[in-house]
Amino acid sequence: MKILDYAKNNILYLDGGMGTLLQERGLEAGELPELWNLSHPDIIRDIHESYFSAGSNVVCANTFGANPLKFSECELEAVISSALENARAAREISKGSHEKFIALDIGPCGKLLKPYGDLAFEDAVALFSKVVILGVKHGAELVFIETMNDSYETKAALLAAKETCDLPVFVSNAYGSDGKLMTGATPEAMCAMLEGLGADAIGANCSLGPSQLAPIIDRLLTVASVPVFVKANAGLPSVKDGKTVFDVSAEEFSKVTADMLSRGARMAGGCCGTTPEYISALVCASKGIAPISVTDKGLTVISSYANAVTFGKAPVLIGERINPTGKKRFKQALVEGDMDYILSEALREEECGVPVLDVNVGIPDIDEREVLVSAVREIQSVCALPLQIDTSNATAMEAALRIYNGKAMINSVNGKEESMRAVFPLAKKYGGVIVALTLDENGIPETAEERFRIAENILAVASEYGIKKKDIIFDTLTMTVSADKNAAKVTLDALSLISERLGCKTVLGVSNVSFGLPARDMINSTFFTSALERGLSAAIMNPYSQEMMKVYYSYRALHGLDESFSDYIAFSESYSMTTQVAASVQKADVKYASALEEAVVKGLKERASELVVEMLKGNAPLDIVQGHIIPALDIVGKGFEEKTIYLPQLLMSAEAAKSAFEEIKVAMLSKSGEEKTDGARFKVIIATVKGDIHDIGKNIVKLLLENYGFTVIDLGRDVPPETIVERAIAEDVSLVGLSALMTTTVPAMEETIALLREKHPKCKVIVGGAVLNREYAERIGADKYAKDAMEAVRYAEGRAGTRSTLS
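A brief look at the structure comes next.

Among the structural elements, Val 58 can be located in strand E2 (residues 58-60). Once the C-alpha coordinates of Val 58 and Glu 85 are considered, the two residues, 27 residues apart in sequence, prove to be 15 Å apart. Apart from the residues lying within four places of it in its own chain, the contact partners of Val 58 are Ile 3, Leu 12, Tyr 13, Leu 14, Asp 15, Phe 101, Ala 103 and Leu 142.

With their axes 9 Å apart at the nearest point, helix H5 (residues 73-93) and helix H6 (residues 121-137) run at an angle of 45° to one another. Between H5 and H6, the angle falls in the class oblique. Judged by the sense of rotation from one axis to the other, the crossing of H5 with H6 is right-handed. Residue-level contacts link Leu 76, Glu 77, Ile 80 and Leu 84 of H5 to Val 131, Leu 134, Gly 135 and Lys 137 of H6.

Below, the discussion takes up the sheet that holds strand E1 (residues 12-13). Ordered by their spatial adjacency, eight strands build an open sheet running E1-E10-E7-E6-E5-E4-E3-E2, and the pairing between neighbours is parallel. The open sheet has two edge strands, E1 and E2, and neither has a second partner. Most of the contacts of helix H11 (residues 276-285) go to strand E10 (residues 267-270), to which it runs at about 150°, and overall it touches E1 and E10.

Quick look at the packing of aromatic side chains now. For the coordinates displayed, the defined rule picks out eleven aromatic pairs. Ring centres 6.2 Å apart and planes at 65° place the aromatic pair Phe 144 and Phe 170 in the edge-to-face group. Highlighted residues: Phe 144 in strand E4 (residues 142-148) and Phe 170 in strand E5 (residues 169-173), separated in sequence by 26 residues. For the pair formed by Phe 144 and Phe 170, the shared burial category is buried. Ring geometry for Tyr 552 against Tyr 553: centres 5.1 Å apart, planes inclined by 70°, an arrangement best described as edge-to-face. An identical accessibility class is assigned to Tyr 552 and Tyr 553; each is buried. Put simply, the rings of Phe 144, Phe 170 and Phe 229 pair up and form one aromatic cluster. Positioned over the ring face of Tyr 341 is Arg 329, at 4.2 Å from the centre of the ring. The lysine or arginine in question, Arg 501, covers the ring of Phe 452, its NZ or CZ lying 5.0 Å from the ring centre.

Moving on, we come to the sheet that holds strand E20 (residues 538-541). Taken together, the eight strands give a closed barrel; going around it, the order is E13-E14-E15-E16-E17-E18-E19-E20, and neighbouring strands pair in parallel fashion. Averaged over all pairs of adjacent strands, the angle between strand axes in this sheet comes to 30°, irrespective of strand direction. For strand E13 (residues 316-322) and E20, the ladder comprises four bridges, and the chain directions are parallel. Paired with Leu 317 across the strands is Ala 539, a residue of E20.

Let's shift gears to the state of the cysteines. Counting across every chain of the model gives zero disulfides. With no disulfide of its own, Cys 191 has Cys 504 as its nearest cysteine by sulfur position, at a separation of 20 Å.

Moving on, we get to the pattern of salt bridges. Enumeration according to the criterion identifies 47 salt bridges in this entry. In this structure, Asp 567 engages Arg 556 in a salt bridge whose closest nitrogen and oxygen atoms are separated by 3.1 Å. A residue pair is termed long-range when its members are at least 10 positions apart, and Asp 567 in helix H21 (residues 566-574) and Arg 556 in helix H20 (residues 546-558) qualify at eleven residues. Its relative accessible area of 32% is what places Asp 567 among the partly exposed residues. The partner of Asp 783 in a salt bridge is Lys 764, with the nearest N and O atoms 3.9 Å apart. Taken as a pair, Asp 783 in the loop between helix H30 (774-779) and strand E25 (784-785) and Lys 764 in strand E24 (residues 764-768) lie far apart in primary sequence, 19 residues in all.

The next subject is the nonpolar core. Membership of the largest hydrophobic core comes to 232 residues, with the highest contact counts inside it found for Ile 379 and Phe 528. No other element matches the twelve residues that helix H26 (residues 647-672) contributes to this core. Once residues within four sequence positions are removed from consideration, Ile 379 is found in contact with Ile 322, Ile 342, Leu 343, Ala 346, Leu 357, Val 359 and Leu 387. Ala 687, Leu 715, Val 725 and Ala 740 belong to the second largest nonpolar core, which has 29 residues in total.

Conventions and cut-offs
Residues numbered from 1 in each chain as written. Predicted model: local features only at pLDDT ≥ 70, side-chain atom pairs only at ≥ 80, totals over all residues. Heavy atoms only, no water. Helix = DSSP H or I, 4+ residues; strand = E, 2+ residues; numbered from the N terminus. Contact = heavy atoms within 4.5 Å. Axes fitted to C-alpha atoms, helices over the stretch in contact; angles between N-to-C directions. Parallel < 35°, antiparallel > 145°, perpendicular 65-115°, else oblique. Left-handed = near helix turned anticlockwise from the far one by under 90°. Pairing = 2+ DSSP bridges. Phe/Tyr/Trp six-rings, centres within 6.5 Å; stacked < 30°, edge-to-face > 60°. Buried < 20%, exposed > 50% of the residue type's maximum accessible area, 1.4 Å probe, protein only. Lys NZ or Arg CZ within 6 Å of the ring centre and 35° of its normal. Disulfide = S-S within 2.5 Å. Salt bridge = Lys/Arg side-chain N within 4 Å of Asp/Glu carboxyl O. Core = buried A, V, L, I, M, F, W, Y, C linked by side-chain atoms within 4.5 Å.

Rendered as structure tokens:
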């Protein structure tokens, strides 16, 4: 029986942890677990057999860290081939007549993707594709992508799997205690993207124990239309008698996990610290639980790397300002490649409160594909809002959808056969909510009934591609009333027909209605009100228009969509401002001391550099650092600590500060002839410990420390304890930062700390990583556990004894 057929009517039991079991069998600190497929196949088979015999339906081959960054081409194939053979051999000798399947296990590659890291998206896709191709070649029966803490890397891995095989693909992410991924995604945002890309099941694993993961699973169950699974840790790790142990027993683990199955989760297993005993206990605890059917939630939803936006009860505003139509300055920015202007428009719209941004760069004499991809990538690097990708160029659309970090809005398709055959395959592959225009080969119909019939045909053709009506939102086409007095009525009547008869969502470009008329906002806002009363789901509109925003906030207040009228009251207080733009922009929560401070906070690299160059004409370099750059970093750092700013925004601000610093360094060198190195800058060594190739967290800490003026000596990843200690002594540093992502490499961290205590006792040690917590860090002898990069910076500042600056 195929796994998806079995999963339709049965609870699917997954396996548990591998790393901690290998440590018990003698895996040395820093040793690569995947190599045991070749050197200790008997042990690997024994562990797999134990899970199968305990009741696991799915066992993941020992390939979690097998990728081209860690192994040569020949080594990689040998590791994957032997891993799958070991799993097959284990299945043959295992007990039990239950269905048993073997998964190719894929974990994070260990690098952060651009623009926040140095790994290009397509390189990540290629990397994961090589792993999947080898897995298929050597007999994997499904692909299991797990422990992903970055939405963009998750997309790269899933896209690689879907493009290179037809096996079922299960995808699991590692959420933090705040309910988000490291890079900011919520469960709802991940569900939207993963379902759009065609994942067969989605879930959460690692980082947390079952009680802490339960709320995340409940959130996924609320929105997911595919099976949901859970693989929690056995609680928090600690060290006893030199061994890593976890604080949740098999009995407690099985009880809490079984409760999740009773609420609708369809698959369950364990992660770090769990053993065959835990799986056996789970099977027993869930005996008698009838699987709850997976239902299509019918949600029309888009997402960014951080947030999901659902179309339905409340109207959704889509900012229209990133569009050259009627905007001379915007056209000029496109021709000149002035990306900072485009980004500034995006950020201004975000400050006005719109939850979605339209992105259109279609003008003659530019490479639309190249510019659209650049605009989407750059906007997503500084703005957390979902985007509507707006182009009639199918090539440009596909390129933008491919690199988009989330589930985009696709603008647009229409009833022409050529249009549908070009757009629907893209939507099916990459996911998206499609804006469908009610026109066809005969043009724009003059009656509402004719537009309705086009909508019916669009739905019929979409269904041929497996696209459901929940992923189509109809635009009944706003025409100019000055040219046809009945135009608005026909548009609104068609909107009502589609909403009532088809149960579909609708969207309109509101401002088209007033073209050619004076005082356009009067017509636009009244038309907007009429459309909302007819059930309009979303409006593409000018968020700088006070009249339009008045209608929006008033409508929500009058229809019970504004809890305690808080949004209406906040907007009404801004209404006394004298200009539309001022009224909108004043909604921003932060007041900036200078344009440079604002540029750094918003992550505008080019703008920050330009401003510093100008300011250096009349300001001392260190005054700029202390008075503008450091305060900006503090604003972002505080926002990150308070969970109002996401990691990508933190990193882009750091990059903007870095650009500003480079200009200051150039100025200082031109004056003095050399950079000062009088020792005033506090030195910090950072490294990922032996056996661990994951350096995302380390690189983030490095970037922030450097922006705060510290001298960072980065020893890289997979660094032996002796190397770290020797360099610490040679540089006479008093602070070392160590990172580890895997449970199997924590012993190497403990060994490094012990050696530092012996050879360089004055040195303090700060540690971080997904497998650590404060108690565990204390047990292995660390001076400080940092839950994130900003906490590491704060500790380093304390060690330095004062605010560190460029010298």
